[in-house]
Amino acid sequence: MDKIIIEGGKPLKGEVKISGSKNATLPVLAATLLTDETIILRNVPKLVDTNTMIKLLKALGKDIEWDKDKLIIMSSGKISPVADYKMVSTMRGSICVLGPLLTKLGEAKVSLPGGCVIGVRPVDLHIKGIEALGAKVDIEAGYISAKAKRLKGARVYLGGASGPSVLGTANIMMAATLADGETIIECAACEPEIEDLANFLNEMGARIKGQGGPRIVIQGVKKLHGADYKISPDRIEGGTFVLLAAMARSNFLIRDIDYSQLMALDDVLAKVGVQVEADKHCVRVKPARIIKPMSITTYPYPGFPTDLQAQYMALMTMANGVSVIRDTVFPDRFMHIAELNRLGAHIRRESGSAIIEGGKELSGAPVTASDLRASAALVMAGLVAKGKTEIRRVYHLDRGYENIDKKLIALGASIRREKE
Ligand code: UD1
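Going along each chain's sequence as written, the residues are numbered from 1 onward. Since the coordinates come from a predicted model, pLDDT governs what is reported: local features require at least 70, and pairs of side-chain atoms require 80 or more to be given and counted, while whole-chain, interface and lining totals use all residues. Working from all heavy atoms in the structure, the side-chain values ignore hydrogens and water.

Asks: Lay out the sheet that holds strand E10 (residues 155–157) with the relevant residues and their values.
Replies: The strands making up a sheet associate through backbone hydrogen bonding, with each pair oriented either parallel or antiparallel. A sheet is described by the order of its strands in space; here four strands give the open sequence E10-E13-E15-E14, paired in mixed fashion. In the strand order of this sheet, the two ends are held by E10 and strand E14 (207–209), each with one partner. Strand after strand, the sheet turns through a mean of 15° between neighbouring axes, direction not considered. If DSSP finds at least two bridges between two strands, the strands pair. Under the scheme used here, helices are H or I runs from DSSP no shorter than 4 residues and strands are E runs no shorter than 2 residues, and both carry numbers assigned from the N terminus. Pairing of E14 with strand E15 (residues 215–219), which is carried by three bridges, proceeds in the antiparallel orientation. The partner of isoleucine 208 across the bridge, within E15, is isoleucine 218. Contacts between residues were defined by any pair of non-hydrogen atoms, one from each residue, lying within 4.5 Å. Note on method: axes are straight lines fitted to C-alpha atoms, helices fitted across the in-contact stretch only, with angles between N-to-C directions ranging 0 to 180 degrees. Together, E10, strand E13 (182–186), E14 and E15 form the strand contacts of helix H6 (residues 166–177), whose direction differs from that of E15 by roughly 25°.

So this is what it looks like as structure tokens:
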């Protein structure tokens, strides 16, 4: 396993290019199961998570190869309906093969993904959705077993206790593309990744309207065909670099970012005194002398993303006062508190909130990454801390940030990788 060693305090300058979106790529890859024709995907980030999905698709029967930066997904003849535990347990996103397998083959057997450090993460909404489309679902021996000769369109409400589900919406939308008649998803997730997926499905011949809003309408079609599609930039990676620039008081250029997808972040940054200059594809953060404290609560899109909560917490350790962070999407997503405190932050947890006393100088220490976005927060803190920070279990980082060390080194950071 690798660890990352950072010498903090180096000025960051130059420019960084944002990669394709991980969370858009995963369901788009799953959607390739809906056709036997060839699919070409561009701007796919080379990450542990995308590689896991590629391995899963290969195990299900697809032939997949890279041609320079293009990913080509071809049919090898027969697709298996079984996604086994070994594959699904390493990445929760694998659950989104359920909808495509079921609607294309009439059956699917997908391992239950299990929990993870950021919370329990149930799949009841996925199951409710496919049942509404007429599937018979059994949970047996740790697997979701679903059957339906042909799914039938229906109106389905997909809101849960914590709001809509992103991958739940993705699964039902994909299942509905080949169902008989019209499906309406109410309380659909509005995340840009759902829009990306719907746009891709429409390129394949699906008939989807309303993506990006809470009501998605899908007219089922008989067959989907091949497509050539470019994945959008990763808004969470983009937001992470914006927060890093704010934290390091650096005005490096962030390229290939769609800042219009980060309105909630922009709103908060304006309040903390950080000005951001953005045009269509580029962003520059103006270094702020004083960072004001500002409390936030995470919500589904277009609210403040839970996937930027840890990184925002890192920024708030530098604010000149107290801020409170609440995560309504994953209320227990606070594993990074203890590790940020090891770097000198003053953060405590009170029931569902993190209370950050900002303004304490951070200093390097050995820390352990607990999950993907928490790792990013630790890297950000390490880059501004005095002295040496050693981050263990960085494989979390490699799940979601393409070439992160190369990108940071190019900005002037002192960061290296070692085997543990
Ligand atoms: C996706 C993202 C993840 C992000 C999350 C929330 C991918 C690969 N992952 O995960 O990075 O943090 O959205 O923006 O795109 N829930 C239920 N029942 C369900 C499903 C979910 O109650 O059947 C709850 C969850 O526990 C959570 C909330 O709904 O409280 C949102 O989860 P969901 O949107 O489903 O997250 P994912 O799609 O798994």
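Further notes follow.
Asks: Tell me about the site of the ligand, residues and numbers included.
Replies: Taken together, 19 residues lie near the ligand, and Asp124, Ser165, Val166, Asp307 and Val329 sit nearest. Within the backbone of leucine 125, an N or O atom sits 2.7 Å from an oxygen atom of the ligand. Contributions of two or more residues to the shell around the ligand are made by helix H1 (22–31), helix H5 (124–132) and H6. Top contributing element to the shell around the ligand by residue count: H5, with three residues. Asp, Glu, Lys and Arg are counted as charged, while Ala, Val, Leu, Ile, Met, Phe, Trp, Tyr, Cys and Pro are counted as nonpolar; the rest, among them Gly, fall into the polar class. Residue composition of the shell around the ligand, grouped by class: nine nonpolar, five polar and five charged. Summarising the domain contributions, the shell around the ligand has at least three residues from each of domain 1 (2–19 + 233–419) and domain 2 (22–230). Any residue with a heavy atom lying within 4 Å of a molecule or strand is counted as near it. Polar contact criterion, stated in full: a pair of N or O atoms within 3.5 Å, where within protein one must be able to donate a hydrogen and the other to accept it, and residues adjacent in sequence count only if both atoms are side-chain atoms. Here the bounds of each domain stem from an automatic or database domain assignment.

Asks: Describe H1, with residues and values.
Replies: Counting buried positions over the ten residues of H1 gives nine, a clear majority of the element. N-cap assignment for H1: the residue whose side-chain oxygen lies 3.4 Å from the backbone N of asparagine 23 is serine 21. Relative accessibility under 20% of the residue-type maximum defines a buried residue, over 50% an exposed one, and the middle range a partly exposed one, all with a 1.4 Å probe and only protein chains included.

Asks: Hey, could you go over the pattern of salt bridges for me, with residue numbers and the actual values?
Replies: For salt bridges, the criterion is a side-chain nitrogen of Lys or Arg within 4 Å of an Asp or Glu carboxyl oxygen. For the coordinates displayed, the defined rule picks out 27 salt bridges. In this structure, arginine 417 and aspartate 2 form a salt bridge, with 3.2 Å as the shortest nitrogen-oxygen distance. Of this pair, arginine 417 sits in strand E26 (residues 414–419) while aspartate 2 sits in strand E1 (residues 2–7), placing them 415 residues apart in sequence. Given a relative accessible area of 28%, arginine 417 falls into the partly exposed group.

Asks: Help me get a handle on the sheet that holds strand E17 (residues 253–255), residues and values and all.
Replies: The strand order across the open sheet formed by four strands is E2-E17-E19-E18, and the pairing between neighbours is mixed. The two strands at the open ends of the sheet, each matched to only one other strand, are strand E2 (15–17) and strand E18 (275–278). The sheet shows a mean angle of 20° between the axes of neighbouring strands, taken without regard to direction. Relative to strand E19 (residues 282–286), E18 is paired through four bridges, and the arrangement is antiparallel. The residue bridging glutamate 277 from the neighbouring strand is arginine 284, located in E19. Docked against the sheet, helix H8 (residues 235–247) engages E2, E17 and E19, running at close to 25° with respect to E19.

Asks: A description of helix H10 (residues 309–316) should follow, citing residues and the corresponding values.
Replies: Burial runs high along H10: eight of the eight residues are buried. When H10 is considered as a whole, its buried residues turn out to be Gln309, Ala310, Gln311, Tyr312, Met313, Ala314, Leu315 and Met316.

Asks: Lay out the packing of H10 against helix H12 (residues 372–384) with the relevant residues and their values.
Replies: For the pair H10 and H12, interaxial distance at closest approach is 7 Å and the crossing angle is 25°. Taken as axis vectors, H10 and H12 run roughly parallel relative to one another. For the crossing formed where H10 meets H12, the hand is right-handed. Along its contact with H10, which presents Ala310, Gln311 and Ala314, the element H12 presents Arg373, Ala374, Ala376, Ala377 and Met380. Here the residues of the contact of H10 with H12 are counted per class, giving six nonpolar, one polar and one charged. Oblique is the label for any angle not covered by the other classes, which are roughly parallel (under 35 degrees), roughly antiparallel (over 145) and roughly perpendicular (65 to 115). A clockwise turn of the near helix away from the far one marks a right-handed crossing, whereas an anticlockwise turn of less than a right angle marks a left-handed crossing.

Asks: So what's going on with the environment of arginine 399? Which residues, and what values?
Replies: Note that arginine 399 resides in helix H13 (residues 395–400). Residues arginine 399 and glycine 9 lie 390 residues apart in sequence; the distance between their C-alpha atoms is 26 Å. Filtering out sequence-adjacent residues up to four positions away, arginine 399 remains in contact with Lys22, Leu47, Val48, Asp49 and Leu372. Within the structure, arginine 399 has its side chain in polar contact with the side chain of aspartate 49 (distance 2.9 Å).

Asks: Kindly report on unusual backbone geometry, identifying the contributing residues and their values.
Replies: For the bond from tyrosine 301 to proline 302, the omega torsion is 10°, close enough to zero to count as cis. The topology assignment puts proline 302 in the loop between strand E20 (296–298) and H10. In this structure, lysine 68 takes a positive phi of about 55° despite not being glycine. Mapping lysine 68 onto the fold places it in the loop between strand E4 (62–67) and strand E5 (70–75). Its relative accessible area of 74% is what places lysine 68 among the exposed residues. Not every positive phi belongs to a glycine, and cysteine 187 is a case in point at roughly 60°. Residue placement: cysteine 187 occurs in the loop between E13 and helix H7 (192–203).

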